[in-house]
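Observations on chain architecture
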Amino acid sequence: MSSSAPQHPRPADGHRLWSVDEHLADVLGAVRPLEPIELQLLDAQGCVLVEDVTVPVALPPFDNSSMDGYAVRTADVQGASEEFPAVLTVIGDVAAGSGELPTVGPGEAARIMTGAPLPPGAEAVVPVEWTDGGTGGGAAAGMTPASAAPEQAAGEVRVHRAAEARAHVRARGSDVQAGDLALAAGTVLGPPQIALLAAIGRGTVRVRPRPRVVVLSTGSELLQPGEPLTAGTIYDSNSFALAAAARDAGAIAYRVGAVADDADTLRSTIEDQLIRADLLVTTGGVSVGAYDVVKEALSSVGSSSPSGPSGSGDGDGDGGADPDVDATRIDFRKLAMQPGKPQGFGTIGPDHTPLLALPGNPVSSYVSFELFVRPAIRALMGLPESEVRRPSVRAVLKADKALGSPAGRRQFLRGKYDAETGTVSPVGGSGSHLIAALAHADSLMVVPEDVTSVEPGTELEVVLLG
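Here's what I pulled together on the structure shown here.

Criteria and thresholds
- Residues numbered from 1 in each chain as written.
- Predicted model: local features only at pLDDT ≥ 70, side-chain atom pairs only at ≥ 80, totals over all residues.
- Heavy atoms only, no water.
- Helix = DSSP H or I, 4+ residues; strand = E, 2+ residues; numbered from the N terminus.
- Areas by Shrake-Rupley, 256 points an atom, 1.4 Å probe, with all protein chains shown as cover.
- Pairing = 2+ DSSP bridges.
- Phe/Tyr/Trp six-rings, centres within 6.5 Å; stacked < 30°, edge-to-face > 60°.
- Lys NZ or Arg CZ within 6 Å of the ring centre and 35° of its normal.
- Buried < 20%, exposed > 50% of the residue type's maximum accessible area, 1.4 Å probe, protein only.
- Axes fitted to C-alpha atoms, helices over the stretch in contact; angles between N-to-C directions.
- Parallel < 35°, antiparallel > 145°, perpendicular 65-115°, else oblique.
- Left-handed = near helix turned anticlockwise from the far one by under 90°.
- Contact = heavy atoms within 4.5 Å.
- Nonpolar A, V, L, I, M, F, W, Y, C, P; charged D, E, K, R; others polar.

**Here's the deal with the overall build of the protein chain**
Across its full length, the protein chain holds 8 helices and 29 strands. With the model as given, the accessible surface of the protein chain reaches about 20,600 Å², and the carbon-plus-sulfur share is 51%.

**Observations concerning the sheet that holds strand 22 (residues 353-358)**
Pairing in this open sheet of 7 strands is mixed, and the strands run 1-19-21-22-18-14-17 from one edge to the other. Single-partner strands in this sheet number two, and they are strand 1 (17-18) and strand 17 (252-259). Two strands pair when backbone bridges link them, and strand 18 (residues 279-283) and strand 22 are joined in this way by 4 bridges, in the parallel orientation. Within strand 22, the position partnered with T283 by the bridge is L358.

**Structural notes on the packing of aromatic side chains**
Inspection of every chain in the model, using the stated rule, returns 0 aromatic pairs. In this arrangement the basic side chain of R16 is found over the ring face of W18, its NZ or CZ atom lying 4.4 Å from the centre. Positioned over the ring face of W130 is R161, at 4.0 Å from the centre of the ring.

**Some points on unusual backbone geometry**
P60 follows L59 through a cis peptide bond whose omega is -10°. Structurally, P60 is set in the loop between strand 4 (53-54) and strand 5 (64-65). Phi at R166 takes a positive value of approximately 75°, unusual for a residue other than glycine. Here R166 is to be found in the loop between strand 10 (155-159) and strand 11 (169-170). Judged by relative accessible area, R166 falls into the partly exposed class, the value being 39%. Of note, the phi angle at H352 is positive, near 55°, even though the residue is not glycine.

**Details of the pairing of strand 8 (residues 108-112)**
Most of strand 8 sits inside the fold, with 4 of its 5 residues counted as buried. In this sheet, strand 8 lies alongside strand 6 (residues 69-72) in antiparallel orientation, the contact comprising 3 bridges. Counted as the bridge partner of Y70 is R111 from strand 8. Relative to strand 8, strand 7 (residues 86-94) is paired through 4 bridges, and the arrangement is parallel. If you follow D93 over to strand 8, its bridge partner there is R111.

**Quick notes on the sheet that holds strand 8**
Each strand in a sheet pairs with its neighbour through backbone hydrogen bonds, running either in the same direction (parallel) or in the opposite one (antiparallel). What the 5 strands build is an open sheet, ordered 9-6-8-7-10; its pairing is mixed. The strands lining the two open edges of the sheet, one partner per strand, are strand 9 (124-127) and strand 10. Along the sheet, successive strands turn relative to each other by an average axial angle of 45°, direction set aside.

**Here's the deal with the packing of helix 4 (residues 238-249) against helix 7 (residues 362-381)**
Angle between the axes and distance between the axes are the two parameters that describe a pair of packed helices. Contact geometry of helix 4 with helix 7 gives a least axis separation of 9 Å together with a crossing angle of 30°. In terms of axis orientation, helix 4 runs roughly parallel to helix 7. The crossing of helix 4 and helix 7 is right-handed. Along its contact with helix 4, which presents N238, L242, A245, A246, D248 and A249, the element helix 7 presents P362, S365, Y366, F369, R374, I377, R378 and M381. For the contact of helix 4 with helix 7, the residue count by class is 9 nonpolar, 2 polar and 3 charged.

The structure is reproduced here in structure tokens:
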């Protein structure tokens, strides 16, 4: 999965609060970029290039026309006007992809199409609109298709305007020269980069693949959208939100959906998913309730190992754990943040696949993803540190009243950022279940741990989500 064995997360101390920064550092310290592979161009979209790519052949590879018109010698059209046009003999057509080219001599012209190579003897291209198009009439609006009037590839054309040397000619190598650096290692391959690679003849490229992220939500109360709600049930939104967020971060996401509150079922599901996961994300079941199944299932795996901390050691199978998941070390901890206080993190299975266990409240889950899972995905992709985290700005709070925040917790409030005014406004309340407000927010306002009240007009850090 990764280029080197990951570090194990540090053992959790259930009696202290971890800071947001400590937890993120622990996550990133256990994640290594995925091993490079060779991919076809379209399969490499969204991946990070691992080697410099140089240009093997100049672009364009030959002088070619940027217009539909006539290839001419400049001396033959010097002084041409509508009153006194230059009359030239048309010797044939030059289309894009033409092999053998006619030679343009004195008093001659060749019909030429956009992208076609400039024929020998020609020095410039006059657009067809500067001519009569070979019809003997006034200014032409375009060329008659060759299939409809092949005879117009011969005869005469009247040119109404002069052209300077190299007019409407794209010079060989005017885009890039052979030997130039086309793309540097570390480039994320989007459509323009894919186009450049294709243009210089690269059919494959060496990249770090997009991470495969498996998302599981837990809870016997969860139903799939489209099913009829029954008493005590709600729709599973978290798995959809996190799978979409994983794709947005650059990953290939697999949404497993809701797993019932049964530890054995969850362990079996995770085991089944390991084969296609570079990163596992669960949501729900990490707090202190009697049905917090993620904590129950993953704390017990490998708990008999003497080398790990109680409930989170490296199992050796003595406790009956499945051999595919007994290499688990998942730490459950409390963070000094709101929302998202309960978190779990570790590695699982023989390949030490990273697993992040997020809380189940929708806002807590999404905020936790943005703060911890997204950076892990970006690190797996091999992106530079500057592109691992979401960008942040400073903005002035625009609100009707002061915003409260719990002492000793870093609070993340949903906001709407206005770049023109440099202000940010709160969206919805601070409740971790307010998913409608989250849908209308484009940023997170960050209230530091030592601040309990933020007055309107105060400058805050704002994490941009879009």
